[in-house]
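Chain and residue survey
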Amino acid sequence: AQSVTQLDSHVSVSEGTPVLLRCNYSSSYSPSLFWYVQHPNKGLQLLLKYTSAATLVKGINGFEAEFKKSETSFHLTKPSAHMSDAAEYFCVVAMNSGYSTLTFGKGTMLLVSP
Amino acid sequence: DVKVTQSSRYLVKRTGEKVFLECVQDMDHENMFWYRQDPGLGLRLIYFSYDVKMKEKGDIPEGYSVSREKKERFSLILESASTNQTSMYLCASSWLGARETQYFGPGTRLLVL
C-alpha cells in the first residue's frame, strides 16, 4: 500500500520569499515520488520526479525537492516565490515494483501576494 | 509537443443520462488513465488501460465504465449519471516504460443536475 500526506491545504507567501510545501509518504516498497503543478484552468504538469537516483531533485521553474528516507518526506522548495507560482501542487507516489499507478495527495494551494 | 485532448471542457447532464467523455492522445502512448478531481480530495483513479481493449479498475470504478477500441482514444462512460458524479474529470497518458510520467488533458467539468 502507498499513500501521501500533504501537510498544508493552503500556503501563503509574499513574492520574493522562500516556498516550502510539505509532503510525507508511506510505501511498502522503494517509491518513486513526484510533484505535479496545476495552474488555474490548466492541466496538470510534471514539476519534478525522484526515482532512486540523487536525493536532491531539481525541477522546472527553480523548484527542487529532497527525498529523505529517514523522515519519509519529499518536501518541495523554491528560494524565491514569483507571482506565476500561484497554483495547486500535488505530491504523488508510485511503487517501483510491479505495475503501479500513481497515488495523489490532496493538494496544496500556493498563494503568492505582491 | 505532447498533446492530450478531451472532447468537452464543460458538460451539463441530467440524472439518469448516459454520458460519454472522450480523450485522445497523439503521442502513441500505451497507457491511458481517467481520474476525477474533487476539492480537498486530490485526484482519484477511476480506470486505466495499458493496451487496446485492456482495462483495469482504479480506486473508484463504481458507476463508471471505459472503452479503448483504438490506441489513441480512451472513453469514460457514466451509464446512468448521478449528482454525486458532478466533478472535474482528467484524462492522462504515458509510455509503457515511463508510466509514472503522465501527460494530462485540460479536464472536463461535469455538472449532473
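A general trend in soluble globular proteins is that nonpolar side chains are found buried together. Counting 26 residues, the largest nonpolar core has Leu-21, Trp-35, Leu-48, Phe-74, Leu-76, Tyr-89 and Leu-110 of chain A as the members making the most contacts within it. When residues in this core are grouped by element, the largest group, four residues, is from strand S10 (residues 87-95) of chain A. By size, the runner-up hydrophobic cluster in this structure holds 21 residues, among which are Tyr-64, Leu-76, Cys-91 and Leu-110 of chain B.

Here the structure, examined in full by the defined rule, presents 14 aromatic pairs over all chains. An angle of 50° between the planes, with centres 6.4 Å apart, marks the rings of Tyr-50 of chain A and Phe-74 of chain A as tilted. Of this pair, Tyr-50 of chain A sits in strand S6 (residues 44-50) while Phe-74 of chain A sits in strand S9 (residues 73-78), placing them 24 residues apart in sequence. With a centroid separation of 6.1 Å and an interplanar angle of 85°, the aromatic rings of Trp-95 of chain B and Tyr-103 of chain B are classed as edge-to-face. Relative accessible area serves as the criterion here: at 38%, Trp-95 of chain B is assigned to the partly exposed category. Overall, the relative accessible area of 26% leaves Tyr-103 of chain B in the partly exposed class.

Here we take up the pairing of strand S5 (residues 42-49) of chain B. Residues and elements named next belong to chain B. Counting buried positions over the eight residues of S5 gives seven, a clear majority of the element. Pairing of strand S4 (residues 31-38) with S5 involves seven bridges; the strand directions are antiparallel. Bridged to Arg-36 within S5 is Arg-44. Counted between consecutive antiparallel strands, the loop separating S4 from S5 contains three residues, among which Gly-40 sits at a positive phi close to 80°. Taking the residues that link successive antiparallel strands as the turn, the S5-strand S6 (residues 56-57) hairpin has six residues, and the phi of Lys-53 there is positive, at about 65°.

This part is about the interface of chain A and chain B. Often the size quoted for an interface is simply the accessible area lost on bringing the parts together. Listed by partner, the interface residues are 22 residues for chain A and 20 residues for chain B. Applying the counting rule to chain A against chain B returns zero salt bridges. On inspection of chain A and its partner chain B, the count reaches three residue pairs in polar contact (both at pLDDT 80 or more). Elements that contribute at least two residues to the side of chain A that touches chain B include exactly strand S5 (31-38), S6 and S10 of chain A.

Together, Val-12, Leu-111 and Leu-113 of chain B give the surface a local cluster of nonpolar side chains, amounting to about 260 Å² of exposed area. Mapped onto the secondary structure, Leu-113 of chain B falls in the segment after strand S11 (108-112).

Each value, and the rule that gives it
Residues numbered from 1 in each chain as written. Chains lettered and ligands numbered in written order. Predicted model: local features only at pLDDT ≥ 70, side-chain atom pairs only at ≥ 80, totals over all residues. Heavy atoms only, no water. Core = buried A, V, L, I, M, F, W, Y, C linked by side-chain atoms within 4.5 Å. Buried < 20%, exposed > 50% of the residue type's maximum accessible area, 1.4 Å probe, protein only. Helix = DSSP H or I, 4+ residues; strand = E, 2+ residues; numbered from the N terminus. Phe/Tyr/Trp six-rings, centres within 6.5 Å; stacked < 30°, edge-to-face > 60°. Pairing = 2+ DSSP bridges. Contact = heavy atoms within 4.5 Å. Salt bridge = Lys/Arg side-chain N within 4 Å of Asp/Glu carboxyl O. Polar contact = N/O pair within 3.5 Å; in protein donor to acceptor, adjacent residues only side chain to side chain. Patch = residues over 30% accessible without salt bridge, like charges linked within 9 Å, V, L, I, M, F, W, Y side chains within 5 Å. Areas by Shrake-Rupley, 256 points an atom, 1.4 Å probe, with all protein chains shown as cover.

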